[in-house]
Structures are given as C-alpha cells and as structure tokens.
Amino acid sequence: WFAPKGTGVWMSLILRPPIPPQKTPQLTLLTAVAIAQAIQEVTGLVPDIKWPNDILMNGKKCVGILTELQADPDRVHSVIIGIGMNVNQTPEQFPTDIREIATSLAIEKGEKIKRAELIQKVLTKMETLYRQYLQHGFLPIKLLWEGYAISIGKEITARMLNGTIRGIARGITEEGVLMLEDADGVVHYIHSADISF
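For the structure given in this document, a descriptive report is provided here.

Calculation notes
- Residues numbered from 1 in each chain as written.
- Predicted model: local features only at pLDDT ≥ 70, side-chain atom pairs only at ≥ 80, totals over all residues.
- Heavy atoms only, no water.
- Helix = DSSP H or I, 4+ residues; strand = E, 2+ residues; numbered from the N terminus.
- Polar contact = N/O pair within 3.5 Å; in protein donor to acceptor, adjacent residues only side chain to side chain.
- Contact = heavy atoms within 4.5 Å.
- Buried < 20%, exposed > 50% of the residue type's maximum accessible area, 1.4 Å probe, protein only.
- Lys, Arg positive; Asp, Glu negative; His and termini not counted.
- Salt bridge = Lys/Arg side-chain N within 4 Å of Asp/Glu carboxyl O.

### A few points about the side chain of glutamine 26
Part 1 of the reasoning: Relative to the assigned elements, glutamine 26 resides in helix α1 (residues 25-43).
Part 2 of the reasoning: A distance of 2.5 Å separates polar atoms of two side chains, one belonging to glutamine 26 and the other to tyrosine 133.
Part 3 of the reasoning: Not counting the four nearest positions on each side in its chain, glutamine 26 is found in contact with Tyr133, Phe138, Glu174, Glu175 and Gly176.

Following this line, the structure appears as structure tokens:
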C-alpha cells in the first residue's frame, strides 16, 4: 500500500467471531460497509464498494481490505482485518503508474480530512454492524452492502486462478459469494477473484 507518512490510515482489527470458517468472507463485506458509512459521515462523499474488498471514489480506489483467517476446519480462532485508506494524499504523491487508478479522500473532497475522526467513525461503525451481525445474521449487512455496490447489474470480468469469466453481476449470496451470470445464462458463484469493468 503506497502512502507517505501522515497521509493515510493503515490498521488491523482482530475479531473472534463464533461463526464457521465458511462464513468469514461476510466479515470483509461488513467491514466495507462500515468504512463506506464512516467515509460518508465524515466527508459527505458517497463511496462505491467493489466486490469483495475495495472502496472506490469516482471509479478510483481509495480503500483496500484484506482479511486473514486463523481457524480449524470447524471453528474460527480469529479473523485479522487489514485496512488501508488513502486519506490525505495529493495527486503528486501517488506514483505515476497508479495515479490514474488511485485517489484519496482529500482529493475527492478538496480539503484535508481529520484521520483520527475517520478512524473513530470506522471503529464505531464496525462495532455497531458487528453486533448487529452476531445478533441478526448477514442479511441486514447484505442489504446495506448492496446499497453501496458498484458492480451489481453491470458487465464485469472476474479473473480467478483457474480462469476468467465475463458476465453480469447479479448480486451476492447469503455467504457473500458473488453471483455472475454468463452469456449463456449460467450463474457462476465466485468466491475469490480480481474484478474489472
């Protein structure tokens, strides 16, 4: 993650959810919603979520989320959620090779953002959504996520380790898996992929 000192936010959250390992991808989506809500409240800007782990502003990446799982086959020990946010970078501070695809909240807002306030809001939103998730399951989070999702209904390309599929993104399942309908009408369930429009 490229960011000069004092410009971004890089942090990790450790969760120990009482859920089976196959449900942990939901936590990446929950985190994306929490960050999107925090950005919206702090800046007034409305971000887009690109499945599964990027947050975009005007089509450019400003937040990335990486989730690491420590688990047995039947139970989760911990989930480490790594978050990188471009907050106060100027365009010149991005290397030329990513300048066209990366942005910061300050670039989009036109003014500096208070990083401490943003962190506080992200953590508050995370706590609220995580408690809601543990109490009511993934459906309320899924509905919130779909409100920010940029890819639903659009033609996308999913590049996976075992090949590439092009089709229309039809949404996500209850587990947070992307549903991609190809030209033949076959729906593919994508667990992990690099998505492009």
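### A short note on the side chain of aspartate 182
Part 1 of the reasoning: Following the sequence through the fold, aspartate 182 ends up in the loop between β8 (178-181) and β9 (187-190).
Part 2 of the reasoning: One buried charge, aspartate 182, has no salt-bridge partner; the nearest side chain with opposite charge is arginine 170, at 9.6 Å.
Part 3 of the reasoning: Within the local environment of aspartate 182, its side chain forms a polar contact with the side chain of histidine 188, the two groups lying 2.8 Å apart.
Part 4 of the reasoning: In contact with aspartate 182, other than residues within four places in its own chain, are Arg166, Gly167 and His188.

### What to know about unusual backbone geometry
The general pattern is negative phi for most residues beyond glycine and trans for most peptide bonds.
Part 1 of the reasoning: With an omega of -5°, the peptide bond between tryptophan 51 and proline 52 qualifies as cis.
Part 2 of the reasoning: If you trace the backbone, proline 52 turns up in the loop between β2 (48-50) and β3 (54-57).
Part 3 of the reasoning: One non-glycine residue with positive phi stands out, namely asparagine 58, at about 50°.
Part 4 of the reasoning: Classification of asparagine 58 as exposed rests on a relative accessible area of 66%.

Remember that the coordinates give geometry; whether it matters functionally is a separate question.
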